[in-house]
Amino acid sequence: MLWSYGGGDVADAFAGTGEDGQPRLEPWTLGLAARRDAMTPDDLAEALDQPARLHQSLEAYWQDYDVVLSPVTSDTAPLVGVLAPDREFDALWRDHFRHVNYTQLQNLGGFPGISLPLFEAAPGVPAGAMFWARRGADDLLLALGAQLEEAQPWASRRPPLILRSAEAA
């Protein structure tokens with residue numbers, strides 16, 4: 001709901017069409033705005049309350065644990081075009097949130113997180129590990145990142161160049 005609300009705000013600010021008569025905004029933003037328009041004020045109030053509830057529910061957890069380790073995404077990088085904002089909205093919504101489903105909690109909850117290319121999904125293709133912590137623990141994550149990079153340097157690694165697009169697949 002919060003993503004949709006933000007998209008609706010953008011659509012409100014840039015409503016209308018360009019000089020060529022085409023919408024100024026991509027289908028992604030227009031789709032988010034349509035979802036926002038279907039929300040009730042109670043829906044928005046409930047969504048805005050969730051981060052505070054989340055922090056409250058995790059207070060006891062942070063007493064025993066400093067960091068959470070999770071994947072960054074549900075799969076390796078999608079083919080070029082799969083997450084393009086000009087795709088049909090419902091298909092893009094499905095593919096987008098299926099791909100980034102591990103990062104939503106941190107983004108909307110305001111938790112610091114760090115994604116590190118610690119693994120390879122295929123030869124030369126990086127796979128990220130995400131670490132996140134309680135609010136205000138950014139320094140802990142940066143120190144952890146520095147230690148992991150020292151133990152397993154990645155600065156010189158480069159993924160292979162793959163130019164295949166979703167349309168070509």
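I will try to describe carefully the structure that is included in this document.

What counts and how
- Residues numbered from 1 in each chain as written.
- Predicted model: local features only at pLDDT ≥ 70, side-chain atom pairs only at ≥ 80, totals over all residues.
- Heavy atoms only, no water.
- Phe/Tyr/Trp six-rings, centres within 6.5 Å; stacked < 30°, edge-to-face > 60°.
- Helix = DSSP H or I, 4+ residues; strand = E, 2+ residues; numbered from the N terminus.
- Buried < 20%, exposed > 50% of the residue type's maximum accessible area, 1.4 Å probe, protein only.
- Axes fitted to C-alpha atoms, helices over the stretch in contact; angles between N-to-C directions.
- Parallel < 35°, antiparallel > 145°, perpendicular 65-115°, else oblique.
- Contact = heavy atoms within 4.5 Å.
- Pairing = 2+ DSSP bridges.
- Salt bridge = Lys/Arg side-chain N within 4 Å of Asp/Glu carboxyl O.

**Quick notes on the packing of aromatic side chains**
Throughout the structure, instances matching the rule amount to twelve aromatic pairs. The interplanar angle of 75° and the centroid separation of 5.2 Å between the aromatic rings of W3 and F97 together place this pair among those described as edge-to-face. Of this pair, W3 sits in helix α1 (residues 2-13) while F97 sits in helix α4 (residues 89-99), and the two are 94 residues apart along the sequence. By relative accessible area, which is 29% here, W3 ends up partly exposed. Taken together, a centroid distance of 5.2 Å and an interplanar angle of 80° make the contact between Y61 and W62 edge-to-face.

**Description of the packing of helix α2 (residues 27-37) against α4**
Their axes nearest at 9 Å, the elements α2 and α4 cross at an angle of 90°. Here α4 runs roughly perpendicular to α2, going by the angle between their axes. Where α2 approaches α4, its residues P27, W28, G31, L32 and R35 are matched on the opposing element by F89, L92, W93, H96 and F97.

**Quick notes on the sheet that holds strand β2 (residues 113-122)**
A sheet is described by the order of its strands in space; here three strands give the open sequence β1-β3-β2, paired in antiparallel fashion. Because the sheet does not close on itself, it has two edges, and the strands there are β1 (68-71) and β2. This sheet shows a mean twist of 30° between the axes of neighbouring strands, independent of strand direction. One ladder, built from four bridges, connects β1 with strand β3 (residues 125-132); its direction is antiparallel. By the bridge assignment for β3, V68 is matched with W132. Sitting on the sheet, helix α6 (residues 138-151) touches β2 and β3, and the angle it makes with β2 is about 30°.

**Focus: the pairing of β2**
When β2 meets β3, the two strands line up antiparallel, connected through seven bridges. Paired with L116 across the bridge in β3 is A129. The loop that links β2 with its antiparallel partner β3 comprises two residues; one of these, G124, has a positive phi angle of about 80°.

**Points about the environment of S4**
Note on placement: S4 falls in helix α1. For S4, a relative accessible area of 1% corresponds to the buried category. Separated by 25 residues in the primary sequence, S4 and T29 place their C-alpha atoms 8.4 Å from one another.

**Some points on the pattern of salt bridges**
This model, assessed by the stated rule, comprises seven salt bridges. The closest approach of N and O atoms between R36 and D12, which form a salt bridge, is 3.0 Å. Of this pair, R36 sits in helix α2 while D12 sits in helix α1, placing them 24 residues apart in sequence. Judged by relative accessible area, R36 falls into the buried class, the value being 13%. Salt-bridge contacts for D95 lead to R94; the nearest nitrogen and oxygen are separated by 3.2 Å. For D95, a relative accessible area of 15% gives the class buried. Taken together, the salt bridges that share partners define one network made up of D9, D12, R36 and D37.

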